[in-house]
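Here's the letter readout for the chains.
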Amino acid sequence: MSNREKCRYARLDITRPDLADCLRELGAALVIHTAGPFQQQGYGVPLAVAEAGAHYIDLADGRRFVCDFAVAVDDAFRRQRRVAITGASTVPALSSAVVNHLTEGWQRIDRIDFCIAPVQTAPRGVATLAAVLDYCGAPVQVWENGAWVERRCWSRPEQVRFLRLRPRIGALCDIPDLELFPQHYRGVHTVMFRAALEIGMTQRALSAVATCRQLGLIRRPDRFARLFNRTAGLLDRFGSALGGMVVRVTGTDANGIDAQRAWHIAADNDHGPEIPCMAAILLARRLARRLAREESMESGARTAMGLLALPEFVSEFNRWKMVTDIVDEAGSRQMHI
């Protein structure tokens, strides 16, 4: 029997009240929730998965969804002796793996600064743009110089340098890492995340919307999602198929010397959108191996932060011909993983 013949397909409405019964009838052992955006979602899906007696992984990047996940659903999964993992995506699963790799053995981490640079032609939709616009100009708490300060999403654009991409203008976006990293990496002074769109005009348009919202001129930016979606399509001809990400860390290394390192990834041929799926794939494989060997696993809910090591991603990077580099920016030395 071919792999295609082994597959079963079903269309499910994640809002239906009998979702748990549907999953149970399908015999689901593991549910990977990819139906975002997660910024406005509750925990109905993971709770239904727990009720159905299945394990759960999601690709969530909504700050409150991820940061409050364990408190909301841990009891339900512990009662069923099942595992639930949130944020199995670029953030915080991959981002934390990168930080851990870059700072292994360090005495102190002072600053974590990272940026995602999607390609203009990446798949998008009205729902995704609505989620982006929903927090455009919204206040967000950022850990800066050892204290929580309020900043505005998509405001204060700054130039970001990449190794294999041209410099881009990046602006603050709200993600779980902004809250998780200061808690996890004790002593870090600043944690900053930016998104850098390929077309500078689009980046500046979002910054303008953020300013208008801050001034009270626009109350619901998400209402412009359809307009932005149509406009973005017209700009695709000016974009490329090359996107990427950079993570920079500064601090004190194992020898007590000031250090600054950066990890870069470049994804060509419009393959960038594959990156958010990698952590979920790796964790699902790990879960399947443990189940096959009948190994006991700690049940309950947690974030994907720190669950994977950076070398575990290498096979997936190679599968899509992505190029990664580690640069010792203090000594101008380039390495590879």
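Residues numbered from 1 in each chain as written. Predicted model: local features only at pLDDT ≥ 70, side-chain atom pairs only at ≥ 80, totals over all residues. Heavy atoms only, no water.

Engineer: Please provide a residue-by-residue account of the nonpolar core, values included.
Structural biologist: Of all hydrophobic cores here, the largest spans 91 residues; its most connected members are Trp154 and Trp263. Leu165, Ala196, Val246 and Ala266 belong to the second-largest nonpolar core, a separate cluster that totals nine residues. (Core = buried A, V, L, I, M, F, W, Y, C linked by side-chain atoms within 4.5 Å. Buried < 20%, exposed > 50% of the residue type's maximum accessible area, 1.4 Å probe, protein only.)

Engineer: So what about the sheet that holds strand β3 (residues 83-86)? Which residues, and what values?
Structural biologist: What holds strands together in a sheet is hydrogen bonding between their backbones, with the strands either parallel or antiparallel. Within the open sheet, the four strands sit side by side as β1-β2-β3-β12. Their pairing is parallel. Either end of the sheet is taken by a strand with one partner, and the two such strands are β1 (30-33) and β12 (300-303). Across this sheet, the average inter-strand angle for adjacent strands is 15°, counted without regard to direction. Across four bridges, β1 lies against strand β2 (residues 55-58) in parallel orientation. Following the sheet pairing, Ile32 is matched in β2 by Ile57. Most of the contacts of helix α3 (residues 44-51) go to β2, to which it runs at about 160°, and overall it touches β1 and β2. (Pairing = 2+ DSSP bridges. Helix = DSSP H or I, 4+ residues; strand = E, 2+ residues; numbered from the N terminus. Axes fitted to C-alpha atoms, helices over the stretch in contact; angles between N-to-C directions. Contact = heavy atoms within 4.5 Å.)

Engineer: Give me helix α10 (residues 225-234): which residues, what numbers.
Structural biologist: Ala225, Phe228 and Ala232 are the residues of α10 that are buried. The buried residues of α10 occupy one face: seen down the axis, they fall within an arc of 60°. Opposite its buried face, α10 presents the exposed residues Arg226, Arg230 and Leu234, each directed more than 90 degrees away. Residues of α10 that are buried in the fold lie against α7 (126-134) and α9 (200-214). (Arc of directions from axis to C-beta.)

Just distances and angles here, no functional claims.
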